[in-house]
2 protein chains.
Amino acid sequence: MKFILILLFTAFVSNAQIQKEQLDLMPWPQNINLTAGTFALSKGFKVNITGNPNPRIFVGATNFLRRLDGRTGLFFEQGFSTKINENPEAELQINCVRNGKIGLYEDESYQLSIESNKIKINATTDLGALHGLETLLQLLQNNSKSYNFPTVEITDLPRFTWRGLMIDAARHFQPIAVIKRNLDAMASMKMNVFHWHLVDDQGWRIEMKNHPKFTQMASDGEFYTQEEIKNIVKYAGDRGILVVPEIDVPGHASAILTAYPELGSKVLDLKSNSVESKKQSAAIANYAIERRSGIFDATLDPINPKTYQLLSEIFDEVCPLFPGDYFHIGGDENNGKEWDANPKIQEFKKKNKLANNHDLQTYFTMQLVPMLKKHNKKLMGWEEIMTENMSKDAIIHAWRGTNEGLSAGGSLIKAAKNGYKTVLSNGYYIDLMLSVESHYLNDPIPKNSILTPEEKARILGGEAAMWSELATPLNIDSRIWPRTAAIAERLWSNENVTDMNSLHKRLKTVSFRLEELGITHVRNKEVILRNISNNQQTSALNDFSNVCEPLKIYTRNSHGIKYRMYSPFTLFADACTADALDVFDFDTAVNKYLENKSLENQTVVTNYLKKWIAMNADLITLSANAPLIQPLLPLSKSLSDISEQLLLVIEKKQTVNPATMNDLLVQCNSKKNADVELAVYNSLKKLL
Amino acid sequence: MKFILILLFTAFVSNAQIQKEQLDLMPWPQNINLTAGTFALSKGFKVNITGNPNPRIFVGATNFLRRLDGRTGLFFEQGFSTKINENPEAELQINCVRNGKIGLYEDESYQLSIESNKIKINATTDLGALHGLETLLQLLQNNSKSYNFPTVEITDLPRFTWRGLMIDAARHFQPIAVIKRNLDAMASMKMNVFHWHLVDDQGWRIEMKNHPKFTQMASDGEFYTQEEIKNIVKYAGDRGILVVPEIDVPGHASAILTAYPELGSKVLDLKSNSVESKKQSAAIANYAIERRSGIFDATLDPINPKTYQLLSEIFDEVCPLFPGDYFHIGGDENNGKEWDANPKIQEFKKKNKLANNHDLQTYFTMQLVPMLKKHNKKLMGWEEIMTENMSKDAIIHAWRGTNEGLSAGGSLIKAAKNGYKTVLSNGYYIDLMLSVESHYLNDPIPKNSILTPEEKARILGGEAAMWSELATPLNIDSRIWPRTAAIAERLWSNENVTDMNSLHKRLKTVSFRLEELGITHVRNKEVILRNISNNQQTSALNDFSNVCEPLKIYTRNSHGIKYRMYSPFTLFADACTADALDVFDFDTAVNKYLENKSLENQTVVTNYLKKWIAMNADLITLSANAPLIQPLLPLSKSLSDISEQLLLVIEKKQTVNPATMNDLLVQCNSKKNADVELAVYNSLKKLL
């Protein structure tokens, strides 16, 4: 009820003049001039479009109407927006000067003006107008009975031209429905590049009419047809999003080599004649798609002309599916083991004066440049492709950082200085399950940057990377959202927009509104918890999931051993997310209490502690009929135990043995249970 | 907590010898011989397949493994089932004598034998084996720490050969993902016919390469590509399901005639020369796809040879997409208005001695028979196609009943007696929002049936009909499930399986398990309620939704006026379902209390009443920041008011003025608010 009262208060405030800080806009626009007034929304609300836009604006305006109608239940009379100037008297007037082109450096700016009886969106291109419609949706306010928009003038444009999300559809295949809803969510956050990781050791995901072996042998039947790909490209384009496909070579090639083993670099050990060795030879003569995670040896043979012939044929078939200017060829994590073990390859290196595997890979990659150029595509690759001899036309995708023993964002700077256009993903690896704060504060061009304006201009932007070793259609949305919205803001908004309280407040609304686009991060959590509970009540599980986070930085599946691609991802760790819901609020409560031990501040903290004690009791009860709850009990008990002691200290003012307390705290820091960690650990530590 | 204790009790019981009545099997098998013992499920569990099955069994076995692994979190070692006899030592042995053929009259029987260390599924065809796997999944039991199957011998086969579900993808388009998850759910309930209603007044949903105008002009861009259709047919076939397409003619033709207005029966009124009349003439010279619900006039011209040419071309393109033996041509609800108003058509009737429009329609339909025969398809149509001259090869789809002024199931009997094969949908219209009991007790061959064995044999089975005037991808699953499981049981199980308490108990588990197949009936309810609540707490809304049901028998959208196809279906009525969750339990509690006014029985009833009083208070509070809650308050207040009075009577033993009580009860019977009715009304009435 307290929660309700707070919201009630918010409601009353929103009846009064709304303040800029109360708006839940994301990414935060460049200029906002809020005035005292409102535009009242009614059943007769219509939209009219003028100018010379691309027809995608009609799709956008129609979707806008449906979403606004779905939120408000007003039963708008207008069903569709289908042509220029069909409702000259409409309250919402959109004007676009010209057709927007999907790609980099396009004008995406817009002006949104809301007066008490008229709303105008003016943009150079329809792409800007689409962004304006998203901002307008975010401005919706209500009192107890009706909906309105505040009167406001907004002018807005993005800071970076590349605001991307990569989805790995190779490790776990992600059906069309997953891709579409994520494109919708991207568009709602004004993101404009969808990087589609389509091929990796675990599968080949593109229908190939001229090379059917790829999907027959290396997809488990899970791939996108060419028609589906074209459909996605159109769907993305209608939302202002460029699709950049990736086929990862020469490493990460297990799937490719499952279909074409003769193009692998592996050599058979034919020296020994023992039965054992023969068996081994026979065994390693083939490649197989990988079921585990990790960096594998399978690598294309860079000295076999047939390798290039196949790649050329692949590009000839795949490039026409993607009208954009960029093609990502991967190029990462080639461990070089097969090359090192192959005498012919070593000979080739010597003969061609290639000092090392890195140079050999550059030789390989340079063969692909003209193949792509033939289709008017620029080559993009992960940062490993960057060597002295690499074409300056290539786009360098910076991904390594402190986890790989390099400086954070170091490759991005290096690429820009070396004359390459570059995109940042280091710091945006959302599969690492790190905090949203860490991604949010990761600026492609930090304030202390020493780059020249020309070098800065080479930094195109950034891209959230959603690798799917541990992400299935059931849980992937909860890995991507709402946190990617923070990255979208970093790439769109002014560099000074960094207030963490504001971020958290706005993310709650963003998270809620993502549901209307079909994003399943909230609803599927309940589904997983119901399964774990064995159809019992899920409230205790839900409480626990709000303080637990999946193990971070690939420790959940250390060395890729525990989980295979077909393992169950229906477990507690799959219901949990980074940025567990109660963690920020509990930490805020602890900080306030430690600053001022008022009864009010104390109660907020002790209510959490009491909740966790009751939760643990409930989990024990539930576990009698739910084997999947058993693994959670040790950590739940630890939280309950320390909560009991803390209550004694805080409420009863008792003294507790510090050693005991410390032991209990150590238990709370365990990472041995159920692939999760207790994310309130640091806050609990403060209380000791 | 009480709930938890009940479940705890269930858990203990399941540790002891389980009783047949405790099994949550659905549809209930023909023979079950349960013995005292269990098969313990472990990580090493594998499946092996022998015999000569269709390869669909490998898809089925792989999906079986994934679902079982997802439920239990055991991390099975076996990832895929891919070939015959690949794991001879496997604990689960499946043997199929021969390849099953998708269609009617195929052998779908299976034998399932579970011993303490071995499970065998023996079936004539893979279709039977797939059913056996579903039964096995339903047999899963657990104690607090592990999973097992009870030892049992089951022999099973269906009572009827046609166990269908129709989904209307014309009124509201239902994307591929919706169709796929419903096919999965159908298979889990051993249903074997998916009737796909693809064309109606509101849209044409099939890509036509030779007639692109259909989707260009009459689909709003929402249609299935031919590749998608083939993909669905394959997907259904892998689950033992026949797909029967429907193109509804000659009525329901607004979409067809939007593309080909020249083939309509409408005549222009050219007599008058007034400006007004000219405008009208110009206006009616065209057809447009309908945005509302209802029976419309648009009807194909039965005397224009080009009509038949177009239909023939349509069948030539559409039939090859569907390998099954049946094609549904609709034929229902031709209101004859355009035919009556067309002098040439009237002349044609006279000349050809066609007494009425019904005979003219038979003339029309008979032209289609050879067009379909050319593609080895039998014609199926709604019961209106049945006239004296109709081919006996046609299958009659019986749908009309008491709502249409006919006797329930009357047309089915008539068709069987007239020598037609026939399928029952009257009584299975799940869009009417009637109780699951009414569908469950609707037997295609009631016990008092006076049909001869030959006539009975013509009754192929039945089909649940999901019309989508009020069903969108967001809410459609909650209209279909879990209730269609009861219809599936009626069509599969022995006619004597009719216990209502057992049905309700088992439906709870079925409903839970449908979630693992992606069915969204539970998860999307929360999504709708969150939107209504404006991101506040949803528990009060949820409580209210558990006693409210959408208005029944098309009264929600009386005369098709309130809702258009693009109206918001994000309202409270869309979160509510038939068979509201608390209704059966509250009625049971009331009955028990009225039988025996013990304190225990009283408390169960009064707890409901108290819950509803608190709920109403919460809804009022929430409504301060949620306009969409306002329309619910009158009915919520009525429930709260009568609950208060009943508490006075029951707990305080006070006397309340009967007239007052009656007034309050009348308020509870209101159907004026929010498109819902209070489904506990009858139980409340009993308490007065």
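The structure under discussion appears in the preceding block.
Scoring rules and cut-offs
- Residues numbered from 1 in each chain as written.
- Chains lettered and ligands numbered in written order.
- Predicted model: local features only at pLDDT ≥ 70, side-chain atom pairs only at ≥ 80, totals over all residues.
- Heavy atoms only, no water.
- Contact = heavy atoms within 4.5 Å.
- Buried area = accessible area lost by both parts, 1.4 Å probe.
- Salt bridge = Lys/Arg side-chain N within 4 Å of Asp/Glu carboxyl O.
- Polar contact = N/O pair within 3.5 Å; in protein donor to acceptor, adjacent residues only side chain to side chain.
- Helix = DSSP H or I, 4+ residues; strand = E, 2+ residues; numbered from the N terminus.
- Nonpolar A, V, L, I, M, F, W, Y, C, P; charged D, E, K, R; others polar.
- Buried < 20%, exposed > 50% of the residue type's maximum accessible area, 1.4 Å probe, protein only.
- Least-squares fit on C-alpha atoms with pLDDT ≥ 70 in both.
- Expected span 1.5 Å × (residues − 1).
- Phe/Tyr/Trp six-rings, centres within 6.5 Å; stacked < 30°, edge-to-face > 60°.
- Lys NZ or Arg CZ within 6 Å of the ring centre and 35° of its normal.
- Axes fitted to C-alpha atoms, helices over the stretch in contact; angles between N-to-C directions.
- Parallel < 35°, antiparallel > 145°, perpendicular 65-115°, else oblique.

A. Quick peek at the interface of chain B and chain A. Listed by partner, the interface residues are 63 residues for chain B and 63 residues for chain A. Together, the buried faces of chain B and chain A total about 5,400 Å²; carbon and sulfur atoms form 60% of this surface. Counting the surface chain B buries against chain A, the share from its top three residues, Phe 75, Phe 512 and Tyr 566 of chain B, is 13%. Counting every contact that joins chain B to chain A gives 2 salt bridges. In this structure, Glu 515 of chain A and Arg 530 of chain B form a salt bridge, with 2.5 Å as the shortest nitrogen-oxygen distance. On inspection of chain B and its partner chain A, the count reaches 22 residue pairs in polar contact (both at pLDDT 80 or more). Broken down by secondary-structure element, the contributors of at least two residues to the side of chain B that touches chain A are helix 1 (2-15), helix 2 (56-72), helix 6 (226-238), helix 18 (500-514), helix 19 (523-533) and helix 23 (599-623) of chain B. Class assignment for the residues of the side of chain B that touches chain A results in 24 nonpolar, 22 polar and 17 charged.

B. Seen up close, the environment of Ala 486 of chain A. All names here are of chain A. Positionally, Ala 486 belongs in helix 17 (residues 483-492). On the basis of relative accessibility, which here comes to 0%, the residue Ala 486 falls in the buried class. Linking Ala 486 and Asp 297, residues 189 residues apart in sequence, is a C-alpha distance of 36 Å. With sequence-adjacent residues up to four places away left out, Ala 486 is seen in contact with Met 26, Val 436, Tyr 440 and Leu 503.

C. Representation of the side chain of Asp 201 of chain A in the model. Residue and element names in this part refer to chain A. Tracing the chain through its elements places Asp 201 in the loop between strand 9 (193-200) and strand 10 (203-204). At 3.3 Å, the side chain of Asp 201 and the side chain of His 252 are in polar contact. At 2.6 Å, the side chain of Asp 201 forms a polar contact with the side chain of Ser 254. Among all residues touching Asp 201, those that are not within four sequence positions of it are His 252, Ala 253, Ser 254, Ala 255, Ile 289, Glu 290, Phe 296 and Ala 298.

D. Representation of the relation of the copies chain B and chain A. Once chain B is rotated about the relating axis by 180 degrees and shifted along it by 0.0 Å, it coincides with chain A to within an RMSD of 0.0 Å. Seen this way, the second copy is the image of the first under a two-fold rotation axis. Measuring from the rotation axis to each C-alpha of chain B, the shortest distance belongs to Arg 523 of chain B, at 2.6 Å. A symmetric contact is evident, with 100% of the interface residues of chain B recurring at the interface of chain A.

E. A look at helix 3 (residues 126-138) of chain A. Residues and elements named next belong to chain A. Between the first and last C-alpha of helix 3 there are 19 Å, a value that for 13 residues agrees with the 18 Å anticipated at 1.5 Å per step. For helix 3, the buried fraction is high: 13 of the 13 residues fall into the buried class. You can read the cap of helix 3 off the contacts: a side-chain oxygen lies 3.2 Å from the backbone nitrogen of Leu 127, and it is on Thr 125.

F. Unusual backbone geometry, seen in detail. With omega at 0 degrees, the peptide bond leading from Val 249 of chain A into Pro 250 of chain A counts as cis. Checked against the element boundaries, Pro 250 of chain A lands in the loop between strand 11 (242-249) and helix 7 (254-259). Along the chain, Trp 481 of chain B connects to Pro 482 of chain B via a cis peptide bond; the corresponding omega equals 0 degrees. Turning to its location among the elements, Pro 482 of chain B is positioned in the loop between helix 16 (476-480) and helix 17 (483-492). With phi around 55 degrees, Lys 653 of chain A is a residue other than glycine that occupies positive phi space. Tracing the backbone through its elements, the reader meets Lys 653 of chain A in the loop between helix 24 (633-650) and helix 25 (658-668). Although it is not a glycine, Tyr 105 of chain B adopts a positive phi angle of roughly 65 degrees. As for its placement among the helices and strands, Tyr 105 of chain B is situated in the loop between strand 3 (92-98) and strand 4 (110-115).

G. Structural view of the packing of aromatic side chains. Scanning all chains against the criterion turns up 48 aromatic pairs over all chains. Here Phe 315 of chain A and Phe 327 of chain A contribute two aromatic rings whose centre-to-centre distance is 5.1 Å and whose plane-to-plane angle is 85 degrees, an arrangement assigned as edge-to-face. With a gap of 12 residues between them, Phe 315 of chain A in helix 9 (residues 305-318) and Phe 327 of chain A in strand 12 (residues 326-330) connect regions that are remote in the sequence. When the centroid spacing of 5.6 Å and the interplanar angle of 40 degrees are considered together, the rings of Tyr 608 of chain A and Trp 612 of chain A count as tilted. Taken together, the positions of Tyr 608 of chain A and Trp 612 of chain A, both in helix 23 (residues 599-623) and 4 residues apart, correspond to about one turn of that helix. Both residues of the pair, Tyr 608 of chain A and Trp 612 of chain A, count as buried. Connected via pairs of aromatic rings, a cluster forms that spans Phe 39, Phe 45, Phe 64, Phe 76 and Phe 149 of chain A. Over the aromatic face of Tyr 287 of chain A sits the side chain of Lys 266 of chain A, whose NZ or CZ is 3.9 Å from the ring centroid. Above the ring of Tyr 260 of chain B, the side-chain terminus of Lys 213 of chain B is found at 4.4 Å from the ring centroid.

H. Looking closely at the packing of helix 11 (residues 343-351) of chain B against helix 12 (residues 357-373) of chain B. Residues and elements named next belong to chain B. Close contact between helix 11 and helix 12 brings their axes to 11 Å; oriented N to C, the two are set at 85 degrees. When the axis of helix 11 is compared with that of helix 12, the two are roughly perpendicular. Facing helix 11, whose interface residues are Ile 345, Phe 348 and Lys 349, helix 12 presents Asn 357, Leu 360 and Tyr 363.

I. Structural view of the side chain of Asn 143 of chain A. Residue and element names in this part refer to chain A. Relative to the helices and strands, Asn 143 resides in the loop between strand 6 (141-142) and strand 7 (147-156). At 2.8 Å, the side chain of Asn 143 forms a polar contact with the backbone nitrogen of Lys 145. Engagement of the side chain of Asn 143 in a polar contact is seen with the backbone nitrogen of Ser 146, the distance being 2.8 Å.

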